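Coordinates in review
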Amino acid sequence: MNYKLAVIPGDGIGPEVVEQTLKVLDKVGTKFGHTFEYTKVLAGGCAIDEKGECLPQETIDICKASDAVLLGAVGGWKWDTLPGDQRPERALLGLRKALGLFANLRPALLFDELAEACPLKPEIVEGGLDIVVVRELTGGIYFGEKGTKETDLGPAAYDVEQYAEEEVRRIAEVAFDMAMKRNKKVTSVDKANVLESSRLWRRVVAEVAEKYPEVELNNLYIDNAAMQMVRNPKQFDVIVTSNIFGDILSDEASMITGSIGMLPSASLAKGNFGMYEPVHGSAPDIAGQDLANPMATILSAAMMLRYTFGLGKEADAIEAAVKKVLADGWRTPDIAKEGEEAIGTAKAGDLIAAE
Ligand code: NAI
Ligand code: MG
């Protein structure tokens, strides 16, 4: 098959890690008989420099006309003095909105080879960890009504947490569909003992669960979930939760796996369209020096193959290649131990592509 990708290298290490990822995708194409057709487009600081805006309409149009989007990272020191509403990072919010990306998938995968980087006791994570946090991305308190007002205690401010049944239903469906492709287990996280919006959340998730009789559903309160994440993370497989709880829980889950240079993510719209990007930013401190770890972006491409294109074998091949390179002892500087010799960005990409 032929797949059309919009590629947004962006700023800082973005272009470096994206280049390695395209190398790997090309190899996958050759091995499995697919072609990946790339259209590179501008977003972020480079778009401000060339086009005067961080997210040109042309970029949005090309993304919409593609099967999926691969993004490096945007932002950097050069643009840090711009006012908030003109900064390169605005491109991310603009893309989410324009592309209808309402589901954010953040896997927390602990590679056996990097188990030492895990801050938890070895017995807690024995046998590895493989969790996906499915975070609602376009609703909830971040987008609810907000303002200031006078109260009995003086000036105050408020933000409203609100969810429509339909918003909960569609994110729950993403989580249950994912559970069907994994281990048929969903944990829904809310605060239904206190919040009305969480009671609606819990009710709608239960309704969706009825359509997936094979999937086991558990409900947890957010405070308990945050505790369980460090006490016994192996109980989790797919976690589905609201925008704010997911923001916090996905960062917590990812940090138990070690380096930010290893963490992929996906943001999905209806119909499996998605934007795939590493969790990390543009790392201006190491940009242009062949120091960046390309694995987060390469693993994001594996997610793209699995979730948008339904190419499970091909995704497995990429993940296996990353594991093999780690098992062979190759490390970029961010995951190397003190005094251990490290390889550069391009070499890491070459090794993974070869595997
Ligand atoms: P960052 O993730 O870019 O960097 C944090 C630290 O991790 C730095 O020391 C960096 O060198 C290191 N690091 C990050 N990715 C790495 C990789 N692949 N390999 C090795 N080391 C890596 O976060 P920071 O410094 O807060 O932000 C830098 C810029 O990136 C800012 O302009 C920020 O707004 C932007 N940003 C963009 C994001 C995106 O495009 N999705 C997400 C987060 C930040
Ligand atoms: Mg966050």
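Small disclaimer: the values here were computed from a predicted structure and weren't measured. (Residues numbered from 1 in each chain as written. Chains lettered and ligands numbered in written order. Predicted model: local features only at pLDDT ≥ 70, side-chain atom pairs only at ≥ 80, totals over all residues.)

1. Regarding the sheet that holds strand β8 (residues 185–190)
Strand pairing in a sheet relies on backbone hydrogen bonds. The paired strands run either parallel or antiparallel. Pairing is mixed across the open sheet formed by ten strands, whose spatial order is β2-β1-β3-β12-β11-β4-β5-β10-β8-β9. Taken across any chain shown, the strands that pair with only one partner, and hence form the sheet edges, are β2 (35–40) and β9 (216–221). Strand-to-strand, the axes of this sheet are offset by a mean angle of 25°, without reference to chain direction. Bridge count for strand β3 (residues 68–73) against strand β12 (residues 274–278) is two bridges, and the pairing is parallel. For V69, the partnering residue across the bridge sits in β12 and is M275. Each of β8, β9 and β10 (238–241) touches helix α7 (residues 196–210); the most contacted strand, β8, lies at about 165° to it. (Pairing = 2+ DSSP bridges. Helix = DSSP H or I, 4+ residues; strand = E, 2+ residues; numbered from the N terminus. Axes fitted to C-alpha atoms, helices over the stretch in contact; angles between N-to-C directions. Contact = placed C-beta atoms within 7 Å.)

2. As for the site of ligand 1
Ligand 1 sits among 22 residues. The nearest are G75, G261, H280, G281 and N293. Here the shell around ligand 1 is composed, by residue class, of eleven nonpolar, seven polar and four charged. (Near = placed C-beta within 6 Å. Nonpolar A, V, L, I, M, F, W, Y, C, P; charged D, E, K, R; others polar.)

3. Focus on unusual backbone geometry
Positive phi is not limited to glycine here, since K184 has a value of about 55°. By the secondary structure assignment, K184 is in the loop between α6 (165–181) and β8.

4. Digging into the packing of helix α8 (residues 222–231) against helix α9 (residues 243–255)
Two elements in contact, α8 and α9, have axes whose closest approach is 10 Å; the angle formed by their N-to-C orientations is 10°. Classified by the interaxial angle, the pair formed by α8 and α9 is roughly parallel. Residues I222, A225, A226 and M229 of α8 form the contact with α9, whose participating residues are F245, L249, E252 and A253. Looking at the contact of α8 with α9 residue by residue, the class counts come to seven nonpolar, no polar and one charged. (Parallel < 35°, antiparallel > 145°, perpendicular 65-115°, else oblique.)

5. What about the domain arrangement of the protein?
Annotation of the protein at the domain level lists domain 1 (1–106 + 259–355) and domain 2 (119–256). Summarising the inter-unit geometry, the C-alpha centres of domain 1 and domain 2 are found 25 Å apart. Contacts between the two partners involve eleven residues from domain 1 and, on the opposite side, 14 residues from domain 2. Contributions of two or more residues to the side of domain 1 that touches domain 2 are made by β4 (103–110) and β11 (264–268). For the side of domain 1 that touches domain 2, the element with the most residues is β4, which contributes four residues. Residues that form the side of domain 1 that touches domain 2 fall into these classes: seven nonpolar, two polar and two charged. (Domains from an automatic or database assignment.)

6. Thoughts on the UniProt feature "domain: Isopropylmalate dehydrogenase-like" (unreviewed entry) in the protein
Per the UniProt record, "domain: Isopropylmalate dehydrogenase-like" (unreviewed entry) is annotated on residues 4–352. With 40% helix and 21% strand, the stretch residues 4–352 has end C-alpha atoms that lie 22 Å from each other. (UniProt positions renumbered as here; feature names shortened; annotations may be inferred.)

7. Description of the confidence of the model for the protein
A residue-level look at the protein finds 100% of positions with pLDDT of 70 or above and a mean pLDDT of 95. Scored as a complex, the prediction yields pTM 0.91 and ipTM 0.98. (pLDDT = per-residue confidence, 0-100.)

8. Description of the UniProt feature "site: Important for catalysis" (unreviewed entry) in the protein
Following the UniProt record, the feature "site: Important for catalysis" (unreviewed entry) maps to Y142 and K191 here. Relative to the helices and strands, Y142 is located in the loop between β5 (129–136) and β6 (146–151). Residue classification places Y142 among the partly exposed residues on the basis of 15 C-beta atoms within 10 Å. Apart from residues no more than four positions distant in its own chain, Y142 is found in contact with N243 and I244. Looking at the element boundaries, K191 is found in the loop between β8 and α7. Among residues more than four places away in sequence, those in contact with K191 are S198, Y221 and I222. (Buried ≥ 20, exposed ≤ 12 C-beta atoms within 10 Å, placed from the backbone.)

9. Remarks on helix α12 (residues 345–354)
Helical geometry: 3.6 residues make up each α-helical turn, so side chains three or four residues apart lie on a common side. All of the buried residues along α12 are T345, A348, G349, I352 and A353. Down the axis, α12 shows its buried residues gathered within 130° of arc, on one side only. (Arc of directions from axis to C-beta.)

10. Some remarks on the environment of E116
Positionally, E116 belongs in the loop between β4 and α5 (122–125). Classification of E116 as exposed rests on a count of 9 C-beta atoms within 10 Å. Sequence separation between E116 and G258 is 142 residues; the distance between their C-alpha atoms is 8.3 Å.

11. Comments concerning the pairing of strand β1 (residues 2–10)
As paired strands, β1 and β2 are joined by six bridges and run parallel to one another. For V7, the partnering residue across the bridge sits in β2 and is K40. The parallel pair β1 and β2 is bridged by helix α1 (residues 14–32), and the resulting crossover is right-handed. For β1 and β3, the ladder comprises five bridges, and the chain directions are parallel. Among the inter-strand pairings, L5 is bridged to a residue of β3, identified as A68. (Right-handed = clockwise from strand over helix to strand, strands pointing away.)

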